[in-house]
Amino acid sequence: MTPELAPEAAAPGRSVDRLVLFEALLDAVDEAAGDGTALWVLDDLHWADDSTWEFVRYAARRVAGLALVLAVTYREEEIGPAHPWWPGLVRLKREPGVLSLPLARLCAADSERIVHAVGPALPRDTVAAIVERGAGTPLLVEELASLASRPGDLLAVPDIVEATVRERAGRLDPAGRALLEVAAVAGLEAEAALLASVLPEGRPGDLVSAGLLNREDKRFRFRHPLLREAAYGKVPAERRRALHEQIAATMAESGNQPAERVAVHLERAGRPEAALSVLETAAELASRAGQVGRLATLHLGALQLARRHDSLAGQRAGLEDQAIEELLMADRWSELEPLLRDAWPRRAALPCAQRARLATAFTTLLFYTGSVVQALAVAKDELASLEEDGGLDHGARLFRQAAMWAWIKGDGADARAFADRSGDVARRTGDVGLEVQARRFQILVAYGQDRDRAAAIAALGDNAAFARAHGVAISELWADMYLAMVTGRLQDAESARQMSEQMGGAWLWQTAKLEAMLHLMEGRPDPSAAILGRIRREVSSRILLAAWITVREAFVRLHRGDLEEARKLLEEASAATDAGSCGWWIAADWSAARGWLAWEEGHLQEACAHLATAGGDDVIGNYYTTSPAPVFLALRVDALLRLGRPDEAAAAVSEFEAFDPGRDRFMAAALAAARFRLDPTPQRALTAQTTAAAAPWPWLHALVGCWRGELLRDTGAAEDARKRFEAIGAQLGTHRVHAVLRGLGVRQSREEHGAGVLSPRELEVADLVAEGLSNPAIARRLYLSRPTVASHVAHILTKLGFSSRAQIAAWAAQRRAPAPDRGQAGVPASSI
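None of these values were measured; they are calculated from a predicted model.

1. Some thoughts on the overall build of the chain
Counting its secondary structure elements, the chain contains 44 helices and 5 strands. Within the span of the chain, comprising 832 residues, buried residues form 50% of the whole. Taken as a whole, the chain presents about 37700 Å² of accessible surface, with 53% of it coming from carbon and sulfur.

And the structure:
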């Protein structure tokens, strides 16, 4: 390419010769590209010589004017401030024709694809271990998968990692290599203060310069987990145990390290008894502080430690009992279920107290993953066994659980009897904590039967005071949660959820579910959907709870008017909605949602059937405010009247009135709306709207206004209903009231064909279309399904009379643009 340089080929290179060569290279590649664009890749530049670095810097200034893309790759850990080309690399990034693209490590899914490609038959656990150890580095994931596919040690470190650590450690002086041993024994990351305490003369910066550690504020972390594994493996066994003990002592002395970390180092130092003592001491502190989640973590860690060491075999049974007890209280079922499944066949050999605790946890598991019928049957059998063995004094909690399952099944009398026996045992044995729990459930069962809200609230307050007086701190959570069930107030539900989070997430799903439903009833679907989406992930392994949350999500979809999505959710949950297996609480919610869906679709016969089930005697008799099932009475009455069955509609209202629903705000609003629909007078319309507004239940308020426009020819009420439906994002309600307005002869204004005719959700979607987001991106942003977003876009196009997303974008941008200030630019506003 540069024949003019040939005569001097043997002479020392001159800088001017290099520039001629660089230019010739670029011209040759540019010419070879022809009408296309060439991609030139220089890989692993961290290993390049000076001439290659000079060429890259020269090309960076020329490449913008050529049909050429020069892609350069390098590893940052190989080029630090001490590298001779570090200043040049900094300058290179500032060139206008240079784009820097840092490559993140692979996500777990991508790593799994590599593992499956290398070793298709590898077991799931092995794949998970490879993904974790590979930490997103493609080469190392592939190397680990290759090693695992061969016979031998699955935990072997790839040769390339061993060689890398050996080469980089060779750059260190003796003090640096000693510090590398300390860092490897300390773990994947270590605080600077810890390293300094163990080896004061060490210089962690040397390990950073050698490409072994990263500095993260006041901590140091190995650049890759396998680097740490390789370095740890090179520490002699005796030296390793001594360092583990020294690090444990340093951590314990500092007082700011988790007990689990201290215990790990003591165990690896060959002192499992000392490790167990550290965990038990921390558990005592967590118990006194009422930290349920923390207590469960420590007891589970203690059990796992005991199972690894024969010297602790005598303590395994007691530790297993504690772990089961605390994991149950913390509602951590993914960790609890394996323990229960393992322990249940051995229950006959257990002491009565331990067997009763195990039965309490196991029946709860059966309820979550099977059916309330089976849970109640097992509870009764175990109570009979305890009675036969003279161990009923240990059965207070199991009696309470039996009361819960009987209540959910709809057996109010059995529930009351079991709750009473739970209280009797607790008082007889002097267990104040269990007495508080029994009294609390007795109050809830009594409220379901006599509907005396004031008495229930007062009794719950007295019970909470009793608990505080006796130092039963954990009952504060349950007191708040049960109070929220009775009052149905959002602030009570929020308080219970916040306390649940503070105490380790115990029964967070219960408090959050109530909070989500109250948000929806009060006209806020978005926070409701966010809460339900979060807790659905947490309860996904528990069949009945997952089904219940799915049904609640269907209510949100129905509120918004996403009928297709609501139908999918209800079909997903239908397998768990048999009242004989899950009890009235989930089945009633499912029936209410299915009835609402049928009513929206105009399938009135089906709507009547489902809504009658949702408001049946068993449901209302056990009603508490976490269930919206009975409150759709007005829809049932409307469907019956449109089917020409006024006598049945009147009977439905009378049956509802018999339960004195006035003590509950949503039930009172439902009854007032049903009375108006049955006998549409102006006075009843006013009462219904006033009651719905006081609840507040804006969806029902708007629906009554819509009916008022239809039945009483009240245009103003219909206009008000349109605005209310739009304000809460109830799309189908908006469509319904538009039909009523058309029937009243009201012509839509030009403005109503614009922003006014779009629901709040459609306005959100339009704004995101204007930002250039695709339907999948909008779905992720708004936590919606893709079909739902596509439906919203189609509705926007139809309502605005547009034919493209570009028109939506232009319209949304214009709507958001500020109005021009006509008094600017030197033109007096008065002169325009």
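Back to the text.
2. Some remarks on a nonpolar patch on the surface
Together, Leu39, Val41 and Val69 give the surface a local cluster of nonpolar side chains, amounting to about 270 Å² of exposed area. Relative to the helices and strands, valine 41 is located in strand E1 (residues 38-42). You can call valine 41 partly exposed: its relative accessible area is 46%.

3. Looking at the nonpolar core
Counting residues in each nonpolar core, the largest one holds 208 residues, and the members touching the most others are Trp599, Trp697, Trp699 and Leu700. With residues up to four places along the chain from it excluded, the contact list for tryptophan 599 reads Leu604, Ala607, Leu635, Asp638, Ala639, Trp699, Leu703, Trp707 and Arg736. Membership of the second largest hydrophobic core comes to 20 residues, among which are Leu763, Ile778, Leu784 and Ala812.

4. Description of the packing of aromatic side chains
Using the criterion set out here, one finds 13 aromatic pairs in the structure. A ring pair is formed by phenylalanine 555 and phenylalanine 632, whose centres lie 5.9 Å apart and whose planes are at 10 degrees; its orientation type is stacked. Separated by 77 residues along the polypeptide, phenylalanine 555 in helix H28 (residues 543-560) and phenylalanine 632 in the loop between helix H33 (617-621) and helix H34 (633-642) bring together distant segments of the chain. For the pair shown, phenylalanine 555 and phenylalanine 632 are each scored as buried. For arginine 228, the ring lying beneath its charged end belongs to tyrosine 232, and the centroid distance is 4.6 Å.

5. So, the packing of H34 against helix H36 (residues 665-678)
Between H34 and H36, the least distance of the axes is 8 Å, while the angle of their chain directions is 15 degrees. By the criterion of interaxial angle, the relationship of H34 to H36 is roughly parallel. Once H34 is placed against H36, the crossing between them reads as right-handed. Each of Leu633, Ala634, Val637, Asp638, Leu641 and Arg642 in H34 lies in contact with H36, whose residues at this interface are Ala670, Leu671, Ala673, Ala674, Arg677 and Leu678.

6. So, unusual backbone geometry
In this chain, alanine 695 is followed by proline 696 through a cis amide linkage whose omega measures -15 degrees. Relative to the assigned elements, proline 696 resides in the loop between helix H37 (682-694) and helix H38 (698-712). Phi at aspartate 44 takes a positive value of approximately 55 degrees, unusual for a residue other than glycine. Along the polypeptide, aspartate 44 turns up in the loop between E1 and helix H2 (50-62). In this structure, arginine 713 takes a positive phi of about 60 degrees despite not being glycine. On the secondary structure map, arginine 713 appears in the loop between H38 and helix H39 (715-727).

7. Some points on the side chain of glutamate 326
Position of glutamate 326 relative to the elements: it lies in helix H16 (residues 316-330). For the buried glutamate 326, which has no salt bridge, the nearest side chain bearing the opposite charge is arginine 397, at an N-O separation of 7.1 Å. Residue contacts for glutamate 326: discarding those within four places in its chain leaves Val292, Leu295, Ala296 and His299.

8. Quick look at helix H8 (residues 174-186)
In this model, H8 (13 residues) spans 19 Å end to end at C-alpha, consistent with the 18 Å of a helix rising 1.5 Å per residue. Listing the buried residues of H8 in full gives Gly176, Leu179, Leu180, Val182, Ala183, Ala184, Val185 and Ala186. In the stretch just after H8, glycine 187 is the one whose phi turns positive, near 135 degrees.

9. Thoughts on the packing of helix H20 (residues 396-409) against helix H21 (residues 412-429)
If you want to describe how two helices pack, look at the angle between their axes and the distance between the axes. It is at 8 Å that the axes of H20 and H21 come closest, and there the two elements cross at 165 degrees. Considering the angle they form, H20 stands roughly antiparallel to H21. As H20 runs across H21, the sense of the crossing is left-handed. Contacts from Ala396, Phe399, Arg400, Ala402, Ala403, Ala406 and Trp407 of H20 reach H21 at Asp414, Ala415, Phe418, Ala419, Arg421, Ser422, Val425 and Ala426. Classifying every residue of the contact of H20 with H21 by side-chain character gives 11 nonpolar, 1 polar and 3 charged.

10. Some words on the pairing of strand E2 (residues 68-72)
By the bridge criterion, 5 bridges tie E1 to E2 in an arrangement that is parallel. Of the residues in E2, the one forming a bridge with alanine 38 is leucine 68. In this fold, the crossover linking E1 to E2 by way of H2 has right-handed handedness.

Here is what the cut-offs are and how they apply
Residues numbered from 1 in each chain as written. Predicted model: local features only at pLDDT ≥ 70, side-chain atom pairs only at ≥ 80, totals over all residues. Heavy atoms only, no water. Helix = DSSP H or I, 4+ residues; strand = E, 2+ residues; numbered from the N terminus. Buried < 20%, exposed > 50% of the residue type's maximum accessible area, 1.4 Å probe, protein only. Areas by Shrake-Rupley, 256 points an atom, 1.4 Å probe, with all protein chains shown as cover. Patch = residues over 30% accessible without salt bridge, like charges linked within 9 Å, V, L, I, M, F, W, Y side chains within 5 Å. Salt bridge = Lys/Arg side-chain N within 4 Å of Asp/Glu carboxyl O. Core = buried A, V, L, I, M, F, W, Y, C linked by side-chain atoms within 4.5 Å. Contact = heavy atoms within 4.5 Å. Phe/Tyr/Trp six-rings, centres within 6.5 Å; stacked < 30°, edge-to-face > 60°. Lys NZ or Arg CZ within 6 Å of the ring centre and 35° of its normal. Axes fitted to C-alpha atoms, helices over the stretch in contact; angles between N-to-C directions. Parallel < 35°, antiparallel > 145°, perpendicular 65-115°, else oblique. Left-handed = near helix turned anticlockwise from the far one by under 90°. Lys, Arg positive; Asp, Glu negative; His and termini not counted. Expected span 1.5 Å × (residues − 1). Nonpolar A, V, L, I, M, F, W, Y, C, P; charged D, E, K, R; others polar. Pairing = 2+ DSSP bridges. Right-handed = clockwise from strand over helix to strand, strands pointing away.

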